[in-house]
Structure formats: C-alpha cells, structure tokens
Amino acid sequence: MNNIIEIQGLCKRFGDIQAVQDLNLKVREGELFAFLGINGAGKSTTINIMCGQLGKDQGSVTIDGADLDHNPDHIKRSLGVVFQSSVLDSALTVQDNLESRAALYGIAGQNFKSRLSALARLLDFEDLLKRPVGKLSGGQRRRIDIARALLHQPRILILDEPTTGLDPQTRKLLWNVITDLRKKEQMTVFLTTHYMEEAAEADYVVILDSGKIAAQGTPLELKNTYSGDYITLYGVEEQAVKAMNVEYEAIRDAFRLSVPDTAAATQLILKHPGIFRDYEITKGKMDDVFLQATGKKLEGGAEK
C-alpha cells in the first residue's frame, strides 16, 4: 500500500519546551493508525501542524501526495478532522451547522441535500436536523461532529479523542460507521485515544513521549516486545502454583501467571502437564505496552 501521510524531521518548539522533536512517521493508505501519548506528549501539536493550524519549525509534511509548504489547500480538502472539543455553533440547528460547513467546500443545493441525507442515515441523526446543537447530548453532538468532518468525503479522517466520555452504545455506533467507511472507501483513519481497546484494533501504533517516538509497530509486535504473556490457571491449589517458581497473582477462582512469551508458556505447560488441565493463555494488553515503553500510565483528559 502507498503511504498517504509522510512526516520527516518534524520539530516544534514553544519557548523552552520542545513539543515535537525530530518526528518521523508514515501512515499507509486505508489503515487505522493510532497515535498515542499522555497529555502534553505532542499529539495535538502534530495534528495542528498537519491541518495547517500551526506552523512548524523544521521538517516536512506530505499528505495525499501534497507538500504542506507548497499545497496546503489540497491537504485541507483531503482531511476531515474531529477535534477533542466540538467546533459546532450551539445556537444553530444541526442542519444549519452542516450547511454552512458544506458551503466552504462548494457543496450546496441538491448536492448538499443528498450528502446530508446519506450522513444522517449513516450516523442516525435524521430526527435531530432541526434541533439546535446546544440542545443535544454529548453523544448526539459527537455524531454531528463526525458528520461535519465527512461532508466533503475526505481521504483521511483525523479523530482526536473521538469517543472520550461517550456511552458504550454511541461508541459502538461511531466505530461501526468508521469501519464501514474504511472498507468501502479505503479511507485512512488517524486516531488519538486514551482507550487502549481502540488502539489494540489499529493496524499500526506510534507511542509518543515528550515529543519523540518511544515505540512503534503493530499491536502484536508491541505486545511481543514490551509485554509478556499471561496464563490463567483454573482448578489448582496455590501451593502447586508456588512450586513452579513463576510470578503470579491470585484472581477470582484462578491464578494468573506471568511469563516472558508464548514459548516460555509452552515450556511451563509441558513441564507440569498434571497442573495445566484448565487454563488459557493471553497476550499482555496495550496498557502494559504503554507503561513499559514510556514508564507512564495513559489516562483520560484534554491535552494541553
């Protein structure tokens, strides 16, 4: 697949703070790319530079074949952006918000009506079109934010903490829509999130720490590098678990053993076949990866 985003040597400083330090990354067309970091790691700074809202100090940014320095208008048309904070006008109705945004892309008349109808069905807000945005719930407003970003059918959708604070039903709806668009339109999704289960579904993950890349790879590669495997063992006495001389913790109705990798788990099972009658092996979680790569825990909140 082709790279639809290429960033090389990107740097941005705010006074004495180096917000982004020699950042290099590539995003393939059609993939779900997760960009992770604690508040202040440089994620939003990078996104604002990509969107042309913030100047860079050095480096190059190429998006959809266009250089940010020479063809920013092409890039703006290629991107749809859902920011952490809603940018909708609370006083206007849903339809008026979307109509005014569509006009900036030359989408009007019947073309706008058709696009609005399609998005309203897709994101389930047909009954909200005449309602002022200020009267919407958080989940309803987020659906309109995403519709706003999709109006001009962008090739790349940037989602900056899109599901923070949403109820599970709305989160599921939004991810079903996004997954469908990726499949049908080969749309690329550039995601920042504090929900590790979302990052675990990504095709590729970059973990940012203090403006620099701390780790990168597929979720499986990262788990194999930064986190071991776990064996959950059922129906045994703690004395038998202790005798194996491995790190473990007691959980409800079971014991969870920590091993370096799947090979080590296999060796342990073969060595103690009488103990391993009822068990399961799982990979470590992305939370474990993040903690090992950065020494920090990823927690919710708006990035400064």
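Predicted model only: the values in this text are computed from it and were never measured. (Residues numbered from 1 in each chain as written. Predicted model: local features only at pLDDT ≥ 70, side-chain atom pairs only at ≥ 80, totals over all residues. Heavy atoms only, no water.)

Draft legend 1. Here's a closer look at the sheet that holds strand β10 (residues 212-217). The six strands are arranged β6-β7-β8-β3-β9-β10 in an open sheet whose pairing can be described as mixed. Looking at the sheet topology across the chains shown, the edges are occupied by β6 (79-82) and β10. Going from strand to strand, the sheet's axes swing by 15 degrees on average, the running direction of each strand aside. Where strand β3 (residues 32-36) and strand β8 (residues 188-192) come together, three bridges link them in parallel fashion. Bridge assignment links Ala34 to a residue of β8, and that residue is Leu191. Sitting on the sheet, helix α6 (residues 168-185) touches β3, β7 (156-160) and β8, and the angle it makes with β8 is about 145 degrees. Here helix α8 (residues 219-226) sits on the sheet in contact with β9 (204-209) and β10, set at roughly 110 degrees to β10. (Pairing = 2+ DSSP bridges. Helix = DSSP H or I, 4+ residues; strand = E, 2+ residues; numbered from the N terminus. Axes fitted to C-alpha atoms, helices over the stretch in contact; angles between N-to-C directions. Contact = heavy atoms within 4.5 Å.)

Draft legend 2. Main features of the environment of Pro132. Tracing the backbone shows Pro132 in the loop between α4 (109-122) and α5 (138-150). Between the C-alpha atoms of Pro132 and Ile38, which are 94 residues apart in sequence, the distance is 34 Å. What Pro132 contacts, discounting residues up to four positions off in sequence, is Ser90, Ala91, Leu92 and Thr93.

Draft legend 3. Region of interest: the sheet that holds strand β2 (residues 17-28). As summarised here, the arrangement of the four strands in space is β2-β1-β4-β5, forming an open sheet in which the pairing is antiparallel. Looking at which strands have only one partner, the edges of the open sheet turn out to be β2 and β5 (66-67). Here strand β1 (residues 3-14) runs beside β2; their pairing, made up of eight bridges, is antiparallel. The partner of Arg13 across the bridge, within β2, is Gln18. Here helix α1 (residues 43-50) sits on the sheet in contact with β1, β2 and β4 (58-63), set at roughly 115 degrees to β1.

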